[in-house]
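Structural overview
Spelled out from the first residue to the last, the chains are:
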Amino acid sequence: GNAFAQARDHTVEGQVIDANTEEELVGVNILVEGTTIGTTSDSDGNFRLETAPDDTLTFSYIGYQSLEVPIEGRSTITVEMMDESIVGDEVVFIGYGTRQVEDNTGSIGRVTADQFNPGSTSPGELFQGRIPGVDVTSSDGAPGSGPAIRIRGGSSLSASNDPLFVIDGVPIAPGGISGMRDPLNSINPNDIEDITVLKDASATAIYGSRASNGVIVITTKQGQAGQPLQLNYESKLSYQTQRETLDVLEPDQFRQVIDDRFGERGTDRLGDHETDWQDQIYSNVLSHEHNISLSGAYREVPFHTSIGFTGDEGILNTSSNDRLAGSLRLTPRFLDDNLQVDLNLRGSRVENRFANTEAVNTAIAFDPTQPVMDEDSPFGGYFAWTDADGQPIDIAPANPVALLEQTRDESTVYRSVGNLQLDYNMPFLQDLTATLNLGYDYSDVSDGRNFVTDNAAFDFEGDEFSGSRTEYDQRRENQLLDFYLNYETELPDLRSNFDATAGYSWEHNYEEGETFTTNYNIEDTVVVHSDTDYKTENYLVSFFGRANYSLMNRYSLTATMRADGSSRFAEDNRWGYFPSMAFAWNMHREPFMEDFGRLSQLRLRIGYGVTGQQEILQGNYPYLARYTFGETSAQYRFGDDFIRTYRPEGYNLDLKWEETKTYNIALDYGFYDNRLRGTIEAYHRETEDLLNVVPVAAGTNFTNRIISNVGDLEVQGIELDFTGVPVATRDAYWEVSFNVSHNVNEITRLTTVDDPDYIGVETGDIAGGTGNTIQIHSVGNPRSAFYVYEQVYDEEGNPVEGAYVDRTGDGRITEDDKYRLGSPDPDVTFGLSSRFQYQNWDFSFSARAQVGNYVYNNVDSEYGFYSMMLYNQYLRNSPASITETNFVDPRFHSDHYVEDASFLRMDNITVGYTFENLFDVVPSMRVSGTVNNAFVITNYSGLDPEVFGGIDNQVYPRPRTWIMSVNIDF
Amino acid sequence: TDDLSTSPIDDSEVTSDMIYEDPENFRKVLAKLYAGLAVTGQEGPAGSPDIDGIDEGFSSYIRQLWVTQELPTDQAVVAWPDPGLPGFNTQSWSPGNDFVMGMYSRIFYQITLANEFIRNARDEDDPQIQQYMAEARFLRAFSYWHALDLFGGNIPFVTEDDPIGAFEPEPVGSEEIFSYIESELMDIEDAMPAPQENQYGRADRAGVWMLLARLYLNAEVYIDEPRYDEAVTYTQRIIDEGGYELNSTYDQLFLADNDEADGVIFAIPFDGNNTQSFGGTNFIIHAAVGGSMSAADFGISGGWEGHRVTPEFVDKFDKDNDVRAMFHTDGQNRDVDNLGDFNEGYAVTKWRNVTSTGEPGSRSAYVDTDFPMFRLADVYLMYAEATLRGGAGGDMNMALNLVNDIRERAYGDETGHITSDELDLDFILDERARELYWEAQRRTDLIRYGYYTSADYVWAWKGDTQEGTSTSEHLKLYPIPSSDINSNPNLTQNPGY
């Protein structure tokens, strides 16, 4: 309609409050329907508008259900808005569309912006500990490093267990970006409005072949039509401190041990200094972050735009991560609102400096009696172990400080992700919407470089060749096209709703890069160590459909189907079909439930579906017979010529999709108007035709191991979550959330031929020796169980070196005496968070606990034995645990090193205060203080019990971070 | 959906349908068949491995051969605790052993690559390609010989007539493998270039004769049938028609400029810049250096502190007069009380990355020293042994002269000469030890003489006691790796495992 033509002679004023707490709502968008005329509520929740008496006002506010209020001639109105999470009327993103929670059939976890963990620099950490069955493990303490995310424990052995990320409808291609710690680091967490995790197959099957490990859907912030300009500035100052260092032998203890064990041969090598090497490589550091966002509507075009800068230093010297990120989202409507346009552009520049993390371990092992600097040292003045000729001993530990300071490893990464989505409601058939979504994800690192100076002892190779200079670049260009039709109709006669979607999707992933490594001397390229370039691509073509039928708001039935074609498989195996079915029953709407007045929600959901996996981590052509050209460093001499060679590659023509079947049953409950609500859920998942690297019969392929579809894996679990709002008054609000999940996995088949003698696939490489592993995949056991000897202890409880329990009872200790002990995956995971508000104060915390996760203490097993503390001409320190074991020789496979690493971690605690109406220009300003990684309670003897993969070696310690933050709305 | 039929877009990847359209590519694939003996993958020293499931450096053909042929004998002990490795010191291994798997996989990798090449080359008319094909057949026979020697006849048998993909090859037994190698070598003899007529690094007709001689000399072990007559015939042929002469000095054969040494019949070349790996001679040289040895003297930037010898081996030398007694004794115990300590047992200085004039090799991290796979002194000793064992056509006088030629080079004059009375089989075995130690031959020699497992000759740590003890006969063959037993139901394990 033409709003401007109408007379606006009526004044309406009023107040917007929370329907439950009666709190005033500040900054609610209020718009005269069908126009761009509007306002926002002030700091008391009041508003005033010039309008026509028969207009309708729409009220929208983040986290609340939108309302339409006809004025009906009134001049004052009070509007009560309902918190979405309480109403249960919220809309969730389910892939190629949205769905009301009431009709939702799948297993979905959701966290919105106001609930995010504060102080997270990676999107992955925003919901750490918040969703049952979703484990987020920070990989290490390096700035800009990303967490490992496992949804319900993952479903693969050798293929990827990473979930699929979808940002505003654009699936983000998996796999690392060179020169970047975490691919998601390029997304500014401040731009994120909502993160939805799709867990079971009925929710994820619409993503078909990439959905076996769950899907994480990220929705970014957008402007509202008619919204006045809103400017927000946020600034954070963080101080990172090292939480803990590892106990090693003190200089005097070390001297004593060397003297006792090796006599003069050892003491001759001792120095007369006292150096705490860990102290030398870590520092407490300050980081800062600034974000400005602006949202509103320019004429009829709602927009949200932001720019953010993060300057992160790492506690390990010489590591840093600077991110500059910008975004723009436009959401206009055209053609009488029939055409909705959603344009989304975001770009970032991330500058990284990587510390040489080898220093973390050598700081433990380096002789504490040696100095950092030695004025006689020709190696940049850094002390180094040298032999009789004065040459560095290359198998000796390197000076940790030299490792950091003589390495310069940097990159600048540009990335842009964006899409244009057009939704068109057919004018002749309003129930039918056509959607076209064009997306891209480009990244570019053009100047990756890693220099080691030519006087570095740890990269010494004589005059001409010492040091190294690596330069690399990489570009990834991924494009997406989705087209789908959605038909949604109400059938009032049948008291039914019907909704169907059908579509097509096309994706192209392209990647190219090169690496060049030579000696350090930049003017004079004496020798090329390596010069590789590559390009590769893959396509994914899909057809998908979904139908949903709901009856009387009580019964919902959803069916989905996806057909995926992947260029990674041979023509006969190229297509995979992924169906799902699910049913939901809103029991609380049944007449017979009317007696249970306190029950506000009771919904039963049952689902089944099949999903797939094609992230096989074996390149893009594993089925294709092909030859690769060799590098110049691997040539063969024919007479006077060196020949670069062609090698045939192993291939598997029969390679096909890995398939996972999931069964899910859940009960959503709510009491007292959903002030007490939650879900109990159980699932069972079977992965068949596991993509697995297995030995091939000798003589039948150009490799001895090949990726094949061999093996089955079963995963099952129970999840429970619960949110309560014990206090909700005008002045005070208190919410507590708690979740528990239990997950077990078992390998049920590993070989084509059933062989009871087959012990399994050894996995889990450890440091110390070459080729040692500590874990095993074996039938009847969980993935990556520790495979060890049972240590014998003396009466005092100290381990007896080399004495293991003869489990076979044959009088000898052989490989057969090893047993399987625990696994790195926890039995039970807990998450607890709470938010308390009193007037302008707020207080929140979130904590996580894991029970039954085992960790192999590889730091102790690698260094904690006497015989190599003097190795010919150099000395090596040991963790202090050596005084308990007193091991002389390495005992890598003793179960003494496998520990129950159950823990409780306080991830963050925040206190904040909100100032209102400051100096009349600032409607709202919040000041807060946060401590991240506040404390950990555990019995684990190593530095940190949270070790992804369960093998604790060379971990960049996770710092404790103190954050001051200011958030101002203008 | 046509988009789904992708093919590699990288210039360095070519589909198998396309590769042989360019005749020049035959040469590049043949180079890979040879390179499989030298490097471990397409990127030196490591990065794009041929063999999986084992550290890439460990997977080198020559490194594996060295481990399986030297460590279980009196000639070497290793200090490293890498899983499965210490057992080689004591002749203790199981079908799950990583190194056994590595050697086996490398051998069959070579055989499968050769089959593919031959399959594609056999219909080409180009005489150049026909010669390449003969060389590929030589390399396949060479690897089948190692398979027979190390693993016996229970091995899968595949030729160019077998496909690539899911099938389970059958074993055919020792006799058939033996006669297959024999007939292949006979068949290609004429197609191979005459001795010394092929390029350096490639095999020629003398290589074919040498491999035949090897096969015949060990025929009693392989097929329980003496074939010493043929052993004499082919060693004689190399001596008569090869045109080789002994290099004037012994030490140059193991130095960075050994590509200029005489008397090398088939060498596997290494190069500090162009042929890099953590195996081959790079491994042999680095692993030998430690203790008070000066890495610079070896042309390297640091030793790996791994290998030494047993006292029984040291005793075989007249140390003051024989230049081949290249031991480093300063700071080293003669006895090996502790296998894991580099200072226990004498170290060996035979292999080095410096030239005969004392110049270091081109790089200190990767050596220039080539591996002389077949060399003339070995031929002399094989001739003498085959003659002593009654090979028809053998001449005892000639045998004595050949042995004395070797001794004269070792002693620098005639003082090392022996008389015809002293020339017996045990002398030959000891002379082979002195001449050919650390060249990956010892296990085969000890088995041929019946000393490998028996109580007739023991050395430190044989059978896991320091004084040495007899071991079980079944150890003469390595087990078929459990990885292959599990993937190929047609295979049966070697007896005793």
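Residues numbered from 1 in each chain as written. Chains lettered and ligands numbered in written order. Predicted model: local features only at pLDDT ≥ 70, side-chain atom pairs only at ≥ 80, totals over all residues.

1. Considering the overall build of chain B
Just so we agree on the cut-off: Each helix corresponds to a stretch of at least 4 residues labelled H or I by DSSP, and each strand to a stretch of at least 2 residues labelled E; elements are numbered beginning at the N terminus. Note that the radius of gyration is over C-alpha atoms, with the globule rule given as 2.2 Å times the number of residues to the power 0.38. Neighbour density around each residue's C-beta defines its exposure: 20 or more other C-beta atoms within 10 Å make it buried, 12 or fewer make it exposed, and counts between make it partly exposed, where C-beta atoms are placed from the backbone. This entry defines residue contacts through backbone-placed C-beta atoms, with two residues in contact when those atoms are within 7 Å.
Along its length, chain B carries 17 helices and seven strands. Computed over C-alpha atoms, the radius of gyration of chain B comes to 22 Å, within 12% of the 23 Å expected from 2.2 N^0.38 for 497 residues, which places it in the range of a compact globule. Overall size of chain B, expressed as C-alpha extent along the three principal axes, is 75 × 50 × 50 Å. A burial count over chain B gives 57% of its 497 residues as buried. Contacts in chain B between residues far apart in sequence, at least 24 positions, make up 65% of those at least 6 positions apart.

2. Brief notes about the domain arrangement of chain A
Residue and element names in this part refer to chain A. Using the following cut-off: For the domains described, the bounds stem from an automatic or database domain assignment.
One can read the domain layout of chain A as domain 1 (3-82) and domain 2 (236-969). Between domain 1 and domain 2, the C-alpha centre-to-centre distance is 46 Å. With nine residues of domain 1 at the contact, the number on the domain 2 side is eleven residues.

3. Remarks on the pairing of strand β2 (residues 29-32) of chain A
We count it as follows: Here, strands pair whenever DSSP counts at least two bridges between them.
The alternating pattern of β2(A) places A:N29 and A:L31 on one face and A:I30 and A:V32 on the opposite face, and all of these are buried. Taking the residues between adjacent antiparallel strands as the criterion, β2(A) and strand β3 (residues 38-40) of chain A are bridged by five residues, where A:G34 takes a positive phi near 80°.

4. Notes on helix α3 (residues 61-70) of chain B
For α3(B), the tally of buried residues reaches ten of ten residues, placing the bulk of the element in the interior. All buried positions along α3(B) are accounted for by B:Y61, B:I62, B:R63, B:Q64, B:L65, B:W66, B:V67, B:T68, B:Q69 and B:E70.

5. With respect to the sheet that holds strand β4 (residues 46-51) of chain A
What holds strands together in a sheet is hydrogen bonding between their backbones, with the strands either parallel or antiparallel. Residue and element names in this part refer to chain A. The following threshold applies: Between N-to-C directions, angles cover 0 to 180 degrees, with each direction set by a line fitted to C-alpha atoms, over the stretch in contact for helices.
Spatially, three strands are ordered β4-β1-β7 in an open sheet, and the strand pairing comes out mixed. Edge positions in the sheet fall to β4 and β7 (76-81), since each of these pairs with one other strand and no more. Adjacent strand axes in the sheet meet at a mean angle of 30° when their direction is disregarded. In the sheet, strand β1 (residues 10-18) pairs with β4 via six bridges, with the strands oriented antiparallel. Paired with E13 across the strands is R48, a residue of β4.

6. Re the interface of chain B and chain A
Chain B puts 88 residues into the contact, and the matching count from chain A is 73 residues. Those elements that place two or more of their residues in the side of chain B that touches chain A are β1 (13-15), α1 (16-19), α2 (23-35), α5 (98-121) and α17 (482-487) of chain B. In terms of residue count, α5(B) provides more of the side of chain B that touches chain A than any other element does, nine residues in total. For strand β31 (residues 626-629) of chain A and β1(B), the ladder comprises three bridges, and the chain directions are antiparallel. Across the sheet, residue A:Y627 finds its bridge partner in β1(B), namely B:V14.

7. Looking at the sheet that holds strand β49 (residues 854-857) of chain A
Residues and elements named next belong to chain A. The strand order β52-β49-β55 describes an open sheet built from three strands, whose pairing is mixed. Both edges of this open sheet fall to β52 (898-900) and β55 (951-952), since each of them pairs with a single strand only. Sheet analysis places β49 next to β55, joined by two bridges and oriented parallel. Among the inter-strand pairings, N857 is bridged to a residue of β55, identified as D952.

8. Notes on the confidence of the model for chain B
Rule in force here: A residue's pLDDT is simply how confident the predictor is in it, with values from 0 to 100.
Mean pLDDT over chain B: 95, with 100% of residues reaching 70 or higher. Across the interface, the model reports ipTM at 0.96; the global pTM reads 0.86.

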